[in-house]
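Residue-level listing of the chains:
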Amino acid sequence: KSVIKLFIPPVKAYSAGMKKRIYYGALLAAGLFLAGPAMALDIFILRHAETMANVTKVYSEDNQRTFSPAGQEAIRQLPARLAGYHFDRIFVSPDYRVLRTILPYLQHEKRTAEIWPELAECCWDTLKSGGDTPANAGAPIVLDEELRPFFTFRDGVSARAAFAATAEEGEALAHQTAARILAQYAGSTNSLLVVSHYHTGRHLLKAFLPTPAPRGIRLRNTGLSRLQEQPDGTFRLLWLNDRPFRP
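Let us look at the structure shown here. (Residues numbered from 1 in each chain as written. Predicted model: local features only at pLDDT ≥ 70, side-chain atom pairs only at ≥ 80, totals over all residues. Heavy atoms only, no water.)

## Quick word on helix α5 (residues 69–81)
Relative to the 18 Å expected for 13 residues at 1.5 Å per residue, α5 spans 18 Å between its end C-alpha atoms, a close match to the ideal helical length. The largest bend along α5 reaches roughly 25 degrees and is located at I75, with the proline P79 sitting one to four residues downstream. For α5, the full list of buried residues reads G71, A74, I75, L78, P79 and R81. (Helix = DSSP H or I, 4+ residues; strand = E, 2+ residues; numbered from the N terminus. Expected span 1.5 Å × (residues − 1). Bend = angle between axes of the 7 residues up to and from the residue. Buried < 20%, exposed > 50% of the residue type's maximum accessible area, 1.4 Å probe, protein only.)

What follows is the structure, given as structure tokens:
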């Protein structure tokens, strides 16, 4: 707590809501301070904001494209939450809820993100209703006019949707995605932000960790998790959902 106090401005005239946001940001800043400077590859994984599908458990297309009131507020706060970070590259799922979650941050920072179709949500056999279903696999990813200045595609192939319908397929695709990231950035001091989903993000996070991966890994909506490469090439999970991770 004494470390956290170092990050809180000595101003008393804050509203209760503002105090909560300041403490939240200070806690995260203190954790990054304690983790030490970025001297190795850092991978941050962010889950999209809460949608009505997350609230109702009805995964219709409309519910997946509509943010809950809490999700809308989290999106509004995201630019301030991420303001203290420098990300060398930003990779995102092509799904609407992910693009709309990170858009205000990209607009604020005048950044672009690269769409990776393999970051789309996987494991659709666990869901009971549609939305972005495997039937759309291979369909062109279409960006509306507001999104186009802030998102790019890796290549012609990645401008088409990709889906992993089962948990096994999702895990395999996550390992391929991790291998792609390592092929380009292993051994560097880059800081990468990956914006994805619950299942896909969880599989990707676990793909970087030694097996067996820790149990109980759950990705909260707009929760930020941090992996850091170690000198021996393995990865350590420093943060899970904005809090220090202790196996």
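## Some details on the packing of aromatic side chains
Under the counting rule described, the total for this entry stands at 7 aromatic pairs. Centroid distance F44 to Y85: 5.3 Å. Interplanar angle 75 degrees. Geometry classified as edge-to-face. Within this pair, whereas F44 is found in strand β1 (residues 42–47), its partner Y85 is found in the loop between α5 and β2 (89–92), the two being separated by 41 residues in sequence. For the residue pair F44 and Y85, the accessibility class agrees, reading buried in each case. (Phe/Tyr/Trp six-rings, centres within 6.5 Å; stacked < 30°, edge-to-face > 60°.)

## A look at the nonpolar core
In a soluble, globular protein the nonpolar side chains are often hidden away together inside. L82, V92, I102, F151 and L193 are the most contacted members of the largest nonpolar core, which totals 27 residues. Looking at this core, the elements with two or more residues in it are β1, β2, α6 (96–109), β3 (113–115) and β5 (191–196). With 6 residues, the top contributor of residues to this core is α6. Excluding residues that lie within four positions of it along the chain, F151 makes contacts with V92, L99, I102, L103, L106, A113, I115 and L143. Counting 24 residues, the second largest nonpolar core, distinct from the first, contains I43, W116, Y198 and L219. (Core = buried A, V, L, I, M, F, W, Y, C linked by side-chain atoms within 4.5 Å. Contact = heavy atoms within 4.5 Å.)

## Examining the pattern of salt bridges
Evaluated as defined, the whole model comprises 11 salt bridges. In this structure, the salt-bridge partner of R97 is D95, at a minimum N-O distance of 3.8 Å. For the pair R97 and D95, a shared accessibility class is recorded, and that class is buried. Ionic pairing is found between D155 and R154, a salt bridge with its closest N-O pair at 3.7 Å. Given the relative accessible area of 36%, D155 is considered partly exposed. (Salt bridge = Lys/Arg side-chain N within 4 Å of Asp/Glu carboxyl O.)

## Here's the deal with the sheet that holds β5
With respect to topology, 8 strands assemble into an open sheet ordered β4-β3-β2-β5-β1-β6-β7-β8, the strand pairing being mixed. With one partner strand each, in any of the chains shown, β4 (151–153) and β8 (243–244) form the two edges of the open sheet. Pairing analysis gives 2 bridges linking strand β7 (residues 235–240) to β8, with the strands arranged antiparallel. Looking at β8, one finds that W239 is bridged to P244. (Pairing = 2+ DSSP bridges.)

## What about helix α7 (residues 167–185)?
Here α7 is 19 residues long and its end C-alpha atoms lie 26 Å apart, about the 27 Å a rise of 1.5 Å per residue gives. For α7, the complete set of buried residues consists of G170, A174, T177, A178, I181 and Y185. The arc that holds every buried residue of α7, seen down its axis, measures 100 degrees, which confines them to one face. Of the residues in α7, the exposed ones pointing more than 90 degrees away from the buried face are E168, Q176 and A183. Considering only its buried residues, α7 is in contact with β1, β2, β5 and α8 (198–207). Where α7 terminates, the next one or two residues include G187, which has phi positive at roughly 80 degrees. (Arc of directions from axis to C-beta.)

## Topic: the packing of α7 against α8
Two packed helices can be described by the angle between their axes and the distance between those axes. Packing of α7 against α8 brings their axes to within 8 Å, and their N-to-C directions diverge by 55 degrees. Considering their axes alone, α7 and α8 lie oblique with respect to each other. Every pair of crossing elements has a handedness; the one defined by α7 and α8 is right-handed. Here A167, G170, E171, A174, H175, T177 and A178 of α7 lie close against α8, whose contacting residues are H203, L204 and A207. Of the residues in the contact of α7 with α8, the class split is 5 nonpolar, 4 polar and 1 charged. (Axes fitted to C-alpha atoms, helices over the stretch in contact; angles between N-to-C directions. Parallel < 35°, antiparallel > 145°, perpendicular 65-115°, else oblique. Left-handed = near helix turned anticlockwise from the far one by under 90°. Nonpolar A, V, L, I, M, F, W, Y, C, P; charged D, E, K, R; others polar.)

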